[in-house]
Amino acid sequence: MEIAAVVFPHLSLLANAALNAVVPRATQVTVSALYIYPIKSCKGIRVRDIGLDALGFEWDRRWMVVSRSTGQFLTQRKYPRMSQISTALNKDTLTVSDAGQADLVLPLAYAEKPDTRTVTIWGQMVTAAVVSDAADAWFSKALGCDCQLVRTLAPAAHARPVDPAFTSPLQQPHIAFADGFPFLLLSEESVAHLCQRSGEHIDVLQFRPNIVVRGCAQPHAEDGWQAVRLAPPASSGAAAAAAVDFLVVKDCTRCNIPTIDPATGKFHPNNEPTRTMQTYRVVDRKPLFGQNLLHVNRTGRVREGDELHVLRSKVTPASALAL
């Protein structure tokens, strides 16, 4: 599919024949790491390659913990212990682990006729499948509150549209339980620059990215991208059809989650790295770090080592912020 055929009026992409021309680069940017987070706000899983479906990366944020009484979603913002709950994908199951109790094993297969309930995520009312009483008890013990585990319906049935301000009537993507967009991309160079400015060791996982790249000419180069293509290196012999195209639609505004140490689940005593981001990465009093993406292809695979090709650049990127 040609990315230029997708209509996003706010990006002025319609009928732009130049869009598929790769912008020349002095160095090749490549994918250095890929992550999925099967349960929203719990630990992620690094994957070497991952498939895509209509909602994003397969198995990414397909489960979510909610208040049993209100259906409101729960995250690390209020329950930082969620950062210590780990997940592991097996052939047919997802294993969930937490210190102090036996593992919870969940089937990957969708139930044919699941019990459902309405849940709320960022003000959106969404129909979700109830997982099990055992899962509810497990998470209630882990988090010390009365909660419930839910999962998306099958991708074809799940209905949670992306904010229409970033789509168009002709292209209405849906997302699973991610905050607002199916993918977050950032560069190693941006994280290294933040470490240098803050004097702190900052783990890339504090930003919970899906796609991490390296080889950028400068920190926050990703702010200047409007459309990108991930494709195997030409030397791999992979077919051109293996490429996946993305629209870079919004700078990611950061909450307090990056201040949580993923190794301990504790908030940083000096509010780092947010404190440092506020000195050079703020627009409208909100720190920005990383880029939210939408995928044009609804199928395909992305791999570590894929090359990133910039198809179109922004006129005024957020990277114009002082470094």
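What counts and what doesn't
- Residue positions are given per chain, counting from 1 as you read along its sequence in written order.
- Per-residue local features of the predicted model are confined to residues with pLDDT of at least 70, and side-chain atom pairs are confined, for both listing and counting, to 80 or more; whole-chain, interface and lining totals are unaffected and use all residues.
- By convention in this description, side-chain values take in all heavy atoms of the structure and omit both hydrogens and water.
- Put simply, the grid is 1 Å and covers the protein atoms alone, a cavity is a trapped set of points that fit a 1.4 Å probe, a pocket is an open set with protein on both sides within 12 Å along at least five of seven lines, and lining residues have an atom within 4 Å of a point.
- Grid points are joined across faces, edges and corners, and a volume is the space filled by probe spheres set on the points.
- Residues are grouped as follows: Ala, Val, Leu, Ile, Met, Phe, Trp, Tyr, Cys and Pro are nonpolar; Asp, Glu, Lys and Arg are charged; all remaining types, including Gly, are polar.
- Only runs of H or I of at least four residues qualify as helices and only runs of E of at least two qualify as strands under DSSP, and these elements are numbered from the N terminus.
- Between two residues, a contact is recorded if the distance between any of their heavy atoms is within 4.5 Å.
- The classification of residues rests on relative accessible area computed with a 1.4 Å probe and restricted to protein chains. Under 20% of the type maximum is buried, over 50% is exposed, and intermediate values are partly exposed.
- Between Lys or Arg on one side and Asp or Glu on the other, a salt bridge is scored when a side-chain nitrogen of the former is within 4 Å of a carboxyl oxygen of the latter.
- Two aromatic rings from Phe, Tyr or Trp, using only the six-membered ring of Trp, form a pair when their centres are within 6.5 Å; if the ring planes differ by under 30 degrees the pair is stacked, by over 60 it is edge-to-face, and anything between is tilted.
- Charge-over-ring contacts are defined here by two conditions on Lys NZ or Arg CZ: a distance within 6 Å of the ring centre and an angle within 35 degrees of the ring normal.
- DSSP bridges decide pairing: two strands pair if at least two such bridges lie between them.

Draft legend 1. Main features of empty space enclosed by the protein. Counted by the stated rule, this structure contains two cavities of 30 Å³ or more. Contributing to the lining of the largest cavity are Leu55, Gly56, Phe57, Asp60, Arg61, Arg62, Ile175, Ala176, Ala178 and Pro182. Taken together, the residues that form the lining of the largest cavity break down as six nonpolar, one polar and three charged.

Draft legend 2. Representation of the environment of Phe183 in the model. With respect to the element layout, Phe183 can be found in strand E12 (residues 183-187). Separated by 148 residues in sequence, Phe183 and Tyr35 place their C-alpha atoms 9.9 Å apart. The contact partners of Phe183, leaving out residues within four places of it in the chain, are Leu52, Gly56, Phe57, Asn210, Ile211, Phe246, Gln291, Asn292, Leu293 and His295.

Draft legend 3. Examining the side chain of Ser198 more closely. Looking at the element boundaries, Ser198 is found in helix H2 (residues 188-198). For Ser198, a relative accessible area of 16% puts it in the buried group. Apart from the residues within four sequence positions on either side, Ser198 is in contact with Glu272 and Thr276.

Draft legend 4. Quick peek at H2. Of all the residues in H2, the buried ones are Ser190, Val191, His193, Leu194, Cys195 and Ser198. Check the buried side of H2 and you find it contacts E12, helix H3 (274-277) and strand E17 (286-295). Just beyond H2, the residue with positive phi is Gly199, at close to 75°.

Draft legend 5. View of the pattern of salt bridges. For the structure shown, the criterion picks out 14 salt bridges. We note a salt bridge from Asp60 to Arg61, for which the minimum N-O separation is 3.0 Å. Arg61 sits in the buried class, given a relative accessible area of 11%. One network of salt bridges, with partners in common, ties together Lys40, Arg77 and Asp179.

Draft legend 6. Quick peek at unusual backbone geometry. Here the bond from Glu272 into Pro273 is cis, since omega is 5°, no more than 30 degrees from zero. Of note, Pro273 is situated in the loop between strand E15 (244-253) and H3. The backbone of Trp59 shows a phi angle near 70°, a positive value even though the residue is not glycine. Unlike most non-glycine residues, Asn271 shows phi in positive territory, near 60°. Among the structural elements, Asn271 can be located in the loop between E15 and H3.

Draft legend 7. Quick look at the packing of aromatic side chains. The full count for this structure, using the stated rule, is eight aromatic pairs. Among the aromatic residues, those joined into a cluster by ring pairs are Phe57, Phe183 and Phe246. If you follow Arg151 out to its NZ or CZ, it ends over the ring of Tyr110, 4.0 Å from the centre.

Draft legend 8. Highlighting the sheet that holds strand E4 (residues 56-57). Spatially, the three strands line up as an open sheet ordered E4-E3-E18, and their pairing is antiparallel. The sheet terminates laterally at E4 and strand E18 (301-303), the two strands that pair on one side only. In this structure, strand E3 (residues 49-53) lies alongside E4, joined through two bridges in antiparallel fashion. In the sheet register, Leu52 faces E4, and the bridge partner there is Phe57.

Draft legend 9. Fine view of the side chain of Asp98. Here Asp98 shows up in strand E7 (residues 93-98). For Asp98, a relative accessible area of 9% corresponds to the buried category. Other than its neighbours up to four places away in sequence, Asp98 contacts Arg81, Gln84, Ile85, Trp138 and Ala142.

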